[in-house]
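Close look at the chain arrangement
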Number of protein chains: 2
Amino acid sequence: MSLGFLQVVDSTSSPQGYGEGLFFSDGRRKVDYVLVFHTRRHGSLRSPANTSVSQDRLSVVSNGNFPPSVGSDAAAGRGVGVPGAEACVGEVFMELGFAGGAEPMEPGDLEMRLIRQEFEANLQEAGLEIERDKEVKAHGPSFTRLHAPWPVLCREAEFLKIKVPTKTETGFGSSMSTVWRKLNQPFQPKVPQQDQGRTKFLSHYFSRDKLHLYNITSRETFFDNTTRSRIVYEILRRTVCVRTCQTIGENNSSWTRHLGRFILHEEWARYGVFYKYQPIDLVRKYFGEKVGLYFAWLGVYTQLLIPASIVGIIVFGYGVATVDADIPSLEMCDDRLNFTMCPLCDGACDFWQLSTACGTARASHLFDNPATVFFAVFMSLWAVLFLEHWKRRQISLNFSWDLTGIEEDEVHAVNTQTHTECNDMDKLTWKDRLPGYFINISSILFMFGLTFSVVFSVVIYRITVSALMAMSSDPEIKSNVRVTVTATAVIISLVVILILDEIYGSVAAWLTELEIPKTDTSFEERLVLKAFLLKFMNAYAPIFYVAFFKGRFAGRPGQYMYVFNHYRMEECAPGGCLIELCIQLSIIMLGKQLIQNNIFEIGIPKLKKLVRALKNKGTVEKEKEEEKAPQQWNLDYPLAAFEGLTPEYMEMIIQFGFVSLFVASFPLAPVFALLNNVIEIRLDAKKFVTELRRPVAARAKDIGIWYDILSGMGKFAVIINAFVISFTSDFIPRLVYQYMYSPTGTMHGFINHTLSYFNVSSLKPGTLPSNSMLGEVMVCRYKDYREPPWSPNAYQFSKDYWCVLAARLAFVILFQNLVMFLSHVVAWVIPDVPKTIMEQLKREKKLLVDVFLREEKEKFQLIQSLFAKENALQSGGGVPRARCRAASFSQFTRDIPPSPRSENENSRHTAV
Amino acid sequence: MSLGFLQVVDSTSSPQGYGEGLFFSDGRRKVDYVLVFHTRRHGSLRSPANTSVSQDRLSVVSNGNFPPSVGSDAAAGRGVGVPGAEACVGEVFMELGFAGGAEPMEPGDLEMRLIRQEFEANLQEAGLEIERDKEVKAHGPSFTRLHAPWPVLCREAEFLKIKVPTKTETGFGSSMSTVWRKLNQPFQPKVPQQDQGRTKFLSHYFSRDKLHLYNITSRETFFDNTTRSRIVYEILRRTVCVRTCQTIGENNSSWTRHLGRFILHEEWARYGVFYKYQPIDLVRKYFGEKVGLYFAWLGVYTQLLIPASIVGIIVFGYGVATVDADIPSLEMCDDRLNFTMCPLCDGACDFWQLSTACGTARASHLFDNPATVFFAVFMSLWAVLFLEHWKRRQISLNFSWDLTGIEEDEVHAVNTQTHTECNDMDKLTWKDRLPGYFINISSILFMFGLTFSVVFSVVIYRITVSALMAMSSDPEIKSNVRVTVTATAVIISLVVILILDEIYGSVAAWLTELEIPKTDTSFEERLVLKAFLLKFMNAYAPIFYVAFFKGRFAGRPGQYMYVFNHYRMEECAPGGCLIELCIQLSIIMLGKQLIQNNIFEIGIPKLKKLVRALKNKGTVEKEKEEEKAPQQWNLDYPLAAFEGLTPEYMEMIIQFGFVSLFVASFPLAPVFALLNNVIEIRLDAKKFVTELRRPVAARAKDIGIWYDILSGMGKFAVIINAFVISFTSDFIPRLVYQYMYSPTGTMHGFINHTLSYFNVSSLKPGTLPSNSMLGEVMVCRYKDYREPPWSPNAYQFSKDYWCVLAARLAFVILFQNLVMFLSHVVAWVIPDVPKTIMEQLKREKKLLVDVFLREEKEKFQLIQSLFAKENALQSGGGVPRARCRAASFSQFTRDIPPSPRSENENSRHTAV
């Protein structure tokens, strides 16, 4: 049995149902909130965690509405104070349980009724008006509708410092030139509000004493539905928990107008309009600031990906254009140079000619050329620029959405329990929390271990399978070893990543619950951080392996590293590790995006919808029999619940990693990201408009911890790119060769310089190729900087090795510090607050002072004229009336700078 | 001729004069502000810049009150909107000129009088009350006293969202345990307010409709003097500039109570109380938030220097303790090893035995040991910790000073001109500004060049003098070469630094004026940034030279680098560059602090005071003749003007550089800084209490750009320390030797490994020592990693060189990234808002809601009871009275949730 809040104002299923909202039975008072008193079957408590954790937690976590498979996401809903919120397209469903004081079981029906009565009485005392269902049902939901009358709205609006428009207009001058606006026109969505929206009313904190200043056309519509339900929610929050513990979900306004929703459908949630800007203001009006900020962020990100993509394509084009002029790859392809390479595996493999690896060398040049270094610097600065740009956009949005000056909701969106009698959590000592933290740390370490072992397993798979295939006698198998092994290994990686991704999401949610964070904000932050760490590791571990570890532990001829005693550690392809990194990166990036978009974002929700529809059919029909007019929420119930923005953000952040972290090895990453995001925006929009129940509209000033993660990622990207360029690519060895060793100052002879000599006779018996196609080979070559066999320190690292290593390290230092410095400069040069907003704020401030000053003056003049009349009358004899009027104006006079006369007058009157 | 504002409330010279403030002649109305109408001799326009720049600037920069020698500092006063502010102990002097519209000359007397009349009329219209001098003087200052009556105060307090205490108490629970408090007791200053101050009243934005909620004991004292004069200042700011341009200085309250000043004198501005905490709240009450924040910051910095000093002493102690066990220095001191070193100069110098450098080697170990690496990491984290700690302290102060929620003064402390008719600056285009920017950039580059050439000149001085002295035949001169040259060079450096420091300060101010920044905040920021850049370069250039360049361009035997063809570039002392760096650092740090403290902070102000006293004697006496009772301000006039906090901050920030930047080479830096600061706090306090005119009390929430500079310096320190450890110290070569080359795994043989061989016969003729004391030398040694003469690549860098270089670079990367990561973790783990404040804020919020709700309820009950009475009366027949009362309460009823009955009642009454 549970008590919940539910707001129903608008329906999507019946076209004739689109109204301005539902009303009390008198047809005049608007329903602002609906309390649901719900008798539930006990079996429906689905929570997997309820039994495993302590009593106290019961009151915090949920009433069992977390579906196990979407733990992380459902929990994200709690970020706005809504455990187990279930939202639907047209309505906000909010059902909540009482976790009674001592008993783990739910309280009895009688007690519930008492609680309900007390609760409703408290609400009435707070000024809300209540309408109950006429008949009382034995089971099933029964509803209590709430209406907030004007005085309550005013009072609360003053408390909450809600900003409302005054009568004063303040032109919101667009900084765009007319030419630019005209050019921009085709990309603007056709949203009527946007065109008019340029005239902004000066807004000010609501105060009941300034009513005449506000633009009040009607008391019913002055506060929009969003604000009304926010106000009611605040009252509910204050009123509950007198007798028992309860978590209340924040509720918010319904679809304000059907027209708006239609526009969203046509101008936003359609692939056809992919080239247009998003109607962000409308999105915000519908889904609240938090969702609005997500789409605005996604828009800014996608928009900024355009220049990055263009530069990426140019860099790639440079690689394509210069591939035929690149001396190292020409030398590699040159048969005449005749480099006989040492065999790639023991026994089964033969010596081979370097020129056979010509293809990969040429491909490698596409990504490994000097332009890539420029691109890495560019992208690092791009990341900073993106963050700065977003900061500005956020401030602009805050300004135009009148969020400036509101104190962060989080500060008082602290979980209700902490304020109430049942704030057990406050009493949790370090000792109580220790096991939770311990489990947390050990689980995270375990999961890191799991990820690493998965990477290692794939490596083992590659090593063993290629060794087995190399030993095969079938020449066809032999020739396709590398392709087959690489392809299968990457696919295995991808599948494992996708599976672990889902698992890690749930684990992160579970672990965060164990920590029992005090506030919802801290819950969300911890959850996001954990999920991010796990998912990031999961997605990037194989890539890190290829970039920095593959081939570095292979040893050298005559002293190879072995795993399981007889499998040699894998080496990179002859073209270098960069091309492998590039392949790995592109497959994981594309595969992850395609599969997640198609299966997880389209397929599974559809499936869930179907299942839910089938499951609910029975109940709905039963209800239909009972009531003649089916309630609207029953029709929308089959839609999927909104599970928070965490998965959406997470997907994008991981993608941001592909775009920023390893961009030095894959300049086309921004292009793919751009293509994906153009689809992603509309996909998400479609999901929000048609597939999900209406989400709880949450207020937010910023994107929260995601910004920190993005900025941390940007910083991490600098060092990673520095290492990729200096260690994975051949950029530094080439530079060193050209300026220190090359006799001609050109790249000629570079390939020879990078290859060391090996005396075949020192190979261990059994590892020599059994029958070589290249005849008797005395000396073979391998890629490393080591002393030749004829040196006194044979096979030790040569001076060249240390020299190149020093150059690589110096490059890392130079690159990292240069880019960090430039980033700081960029961040410092770009002001956080756009100039237009700054000026607008200044202007508004001035206007506000003017308005108030004028008001004061008018008041003063009015009173002076009244007193003049008064005096005239007084001399005529109308004493009682005059006194009365004077008394009623004494309230005014204390506010204004009185002339000495009026002051005297005043004191005389009040003294009467 | 100029018009100014001056507030005189309290005097310091006459003990009987300490009152609660000055009053109008009626003895009741408080003087909140004094306008000074001042006829000045035209010769007193001392501005050096007035004639050199354009007309527009005249209105911005000043009326000639910038003394040329303190340009940067006087300009800093502008940060709070006060060009040329001259403040005095007991009073705030504010004199301002009109820069008339078109004429460069000042407007005529008649026009001035008209302006004055119009201005005063406007002030009266704004509600201020005015009292003028009785007789009108032909020249000399004449005063207009302003009083802000209660209604004006109320109105403005509402506009300015001033927070005032309500009647509700909110215990400000101290988080300290009683034991700790007892231990801490002796360090607490004896300030009566602090003990009571723990009970804090809940404060709220002032609103005229909530007067009954505030703790108003008397209308005269409810707003303290600070607030009153701030309010008057706001009105002045709005009112001026109807006819002409004018900059108004913000004015602020006087000494609130003599008692407080006495306490400050006894418990703060005395060396005897150096071990005590500062009475920051009292300081803030006296000097305003900005000065309060400076001293709070200085206090936090000094406090945190204590642990740093302790660790520094321990690290130094470790060096002292292990010096006898250090194998490299033992080897260097060992005569038996017999290393014959190549001569240090051409011709005149002989070969020498390494063991003669034993002393410096041992001294070097004191600072160059593994503990130093730990200390460098520690100090980098310490810097982060310091900044985080300060952030928390700042938030605590903001909270207890009720600054939370106020919008930054800066936003509207924008220079008044921009709002007025004469906002020429807004019209300045890029073209107008270009010359200013051009001069800026070229001057700064020139000054950088100047600094570098000074460093280079000192180097040349050292080279030539030591060469000349070495050639001398006197053995006594010869033996003291190094000591003499080093000592004189450092002293020359120090003197040049001190002189340039002053010059750069003025140049920075001049350059910033050229830029014509739009707002005062931006003026201050640009000024500080420029001054900091120049002064930083100036102070640190010689240190950077020693740390990273000295000895690196000396070449090798047989191929030395020469300046002026026959002077060899200098090398580091045999003990390594670190010991030289250490000496340089300590001398510059100590010398700068001692000289700046004694001469610039004590000597010069005293001198100035004397000069001013002598100069003003005549005028004062003349005035005395004219007026019988000498005004208090005349007696305080000889005190020095407050020149902004910029020099104080600058000194500390440069010191912070010594503590953080090169701490790896000088672990005792924190100790010296601590000793200096303990004195500095009391010195500054003394200066503020006794030596300076009372500064303009400016509101500030934070320390502004200084925080950014500190944090930038902290970041820079990481990379500098990484380079000092890896390149200047011998830490890395030792590690490399021990783990890569040492045959025994110990440090034995390290010295031999670092010395290369040189075949004396390859020395150029004439550079060989003329007659060697060491007999026939075939091979001499020098400190470098080069191939021996018998190698095929003789004298080229050896493999060891590259290996050590790679290790050094790797260490830099490792150190930098590790420390950066740890810093981020530290900054992330420490919450910005202290827990107690967080809880307090929560509690206050709840209290506030409770208070307001209770108020609503009481109102409602009152009205209900009134209506009940009313009805009773009405049935008795007292209609007119009842109606009257009802009407007067109709204002109340619109605020409260009315019962349906009262609502009806209401509408009926108002309809009457």
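Residues numbered from 1 in each chain as written. Chains lettered and ligands numbered in written order. Predicted model: local features only at pLDDT ≥ 70, side-chain atom pairs only at ≥ 80, totals over all residues. Heavy atoms only, no water.

Taking an unreviewed UniProt entry as the reference, chain A is identified by name as Anoctamin belonging to Mastacembelus armatus.

On to the UniProt feature "transmembrane region" (unreviewed entry) in chain A, then. Residues and elements named next belong to chain A. Using the residue numbers shown here, the UniProt feature "transmembrane region" (unreviewed entry) corresponds to residues 294–321, 371–390, 437–461, 481–500, 527–548, 652–675 and 805–830. Here residues 527–548 runs as 100% helix and 0% strand, with 30 Å between its end C-alpha atoms. Span residues 805–830 is 96% helix and 0% strand, its end C-alpha atoms 37 Å apart. (UniProt positions renumbered as here; feature names shortened; annotations may be inferred. Helix = DSSP H or I, 4+ residues; strand = E, 2+ residues; numbered from the N terminus.)

To continue, consider a nonpolar patch on the surface. Residues Ile 491, Val 495, Ile 499 and Ile 503 of chain A make up a contiguous nonpolar surface patch of about 340 Å² in total accessible area. Mapped onto the elements, Ile 499 of chain A comes out in helix α16 (residues 481–515). (Patch = residues over 30% accessible without salt bridge, like charges linked within 9 Å, V, L, I, M, F, W, Y side chains within 5 Å. Areas by Shrake-Rupley, 256 points an atom, 1.4 Å probe, with all protein chains shown as cover. Salt bridge = Lys/Arg side-chain N within 4 Å of Asp/Glu carboxyl O.)

Residue position: Pro 788 of chain A is located in the loop between β16 (779–783) and α25 (799–829). Overall, the relative accessible area of 17% leaves Pro 788 of chain A in the buried class. (Buried < 20%, exposed > 50% of the residue type's maximum accessible area, 1.4 Å probe, protein only.)

The next thing to look at is helix α4 (residues 150–159) of chain A. Residue and element names in this part refer to chain A. A large share of α4 lies buried, amounting to ten of its ten residues. Buried within α4 are the following residues: Trp 150, Pro 151, Val 152, Leu 153, Cys 154, Arg 155, Glu 156, Ala 157, Glu 158 and Phe 159. The first or second residue beyond α4 is Lys 161, which carries a positive phi of 50 degrees.

Among the nonpolar cores identified, the biggest contains 271 residues, and Trp 297, Tyr 301 and Phe 662 of chain A together with Phe 662 of chain B are the most heavily contacted of them. If we ignore the near neighbours within four places in the chain, the residues touching Phe 662 of chain A are Tyr 540, Ile 543, Phe 544, Ala 547, Phe 548, Leu 581, Leu 585, Gly 657, Ile 720, Asn 721 and Val 724 of chain A. (Core = buried A, V, L, I, M, F, W, Y, C linked by side-chain atoms within 4.5 Å. Contact = heavy atoms within 4.5 Å.)

The next point concerns the packing of helix α9 (residues 280–322) of chain B against helix α12 (residues 370–400) of chain B. Residues and elements named next belong to chain B. Relative orientation of the contacting elements α9 and α12 amounts to 160 degrees, with a least axis distance of 10 Å. One way to sum up the angle between α9 and α12 is to call them roughly antiparallel. In this structure, the crossing between α9 and α12 has a hand that is right-handed. Residue composition of the contact of α9 with α12, by class: 21 nonpolar, four polar and one charged. (Axes fitted to C-alpha atoms, helices over the stretch in contact; angles between N-to-C directions. Parallel < 35°, antiparallel > 145°, perpendicular 65-115°, else oblique. Left-handed = near helix turned anticlockwise from the far one by under 90°. Nonpolar A, V, L, I, M, F, W, Y, C, P; charged D, E, K, R; others polar.)

Time to look at the environment of Ser 726 of chain B. Residues and elements named next belong to chain B. Mapping Ser 726 onto the fold places it in helix α22 (residues 705–728). Taking C-alpha positions, Ser 726 is 43 Å from Leu 434, a pair spaced 292 residues apart along the chain. When residues no more than four places from it in sequence are discounted, the contact partners of Ser 726 are Ile 732, Arg 808, Phe 811 and Val 812.

Applying the stated criterion to the full structure yields 80 aromatic pairs over all chains. Plain terms: the ring middles of Tyr 649 of chain B and Trp 706 of chain B are 5.2 Å apart, the flat faces sit at 20 degrees to each other, and that makes the pair stacked. Here Tyr 649 of chain B, found in helix α20 (residues 646–660), pairs with Trp 706 of chain B, found in helix α22; they are 57 residues apart in sequence, far enough to count as distant. Three or more aromatic residues joined by ring pairs make a cluster, and in this case those are Trp 268, Tyr 294, Phe 295, Trp 297, Tyr 301, Trp 382, Phe 386, Tyr 649, Phe 656, Phe 688 and Trp 706 of chain A. (Phe/Tyr/Trp six-rings, centres within 6.5 Å; stacked < 30°, edge-to-face > 60°.)

Right, let's talk about a positive patch on the surface for a bit. A cluster of basic residues, Lys 190, Arg 270, Lys 606 and Lys 686 of chain A, forms a positive patch at the surface. Considering the arrangement of structural elements, one finds Arg 270 of chain A in the loop between α8 (258–267) and α9 (280–322). (Lys, Arg positive; Asp, Glu negative; His and termini not counted. Charge placed at Lys NZ, Arg CZ, Asp CG, Glu CD.)

We now examine the state of the cysteines. Applying the stated criterion to the full structure yields four disulfides over all chains. Covalently, Cys 342 of chain A is tied to Cys 780 of chain A through a disulfide, its sulfur atoms 1.8 Å apart. Judged by the sign of its S-S torsion, about 85 degrees, the cystine formed by Cys 342 of chain A and Cys 780 of chain A is right-handed. Of this pair, Cys 342 of chain A sits in the loop between β9 (340–341) and β10 (352–353) while Cys 780 of chain A sits in strand β16, and the two are 438 residues apart along the sequence. We note that Cys 342 of chain A, like Cys 780 of chain A, is buried. Cys 577 of chain B provides the cysteine sulfur closest to Cys 582 of chain B, a residue in no disulfide bond, and the two sulfurs are 13 Å apart. Accessibility expressed as a relative area gives 5% for Cys 582 of chain B, which makes it buried. (Disulfide = S-S within 2.5 Å.)

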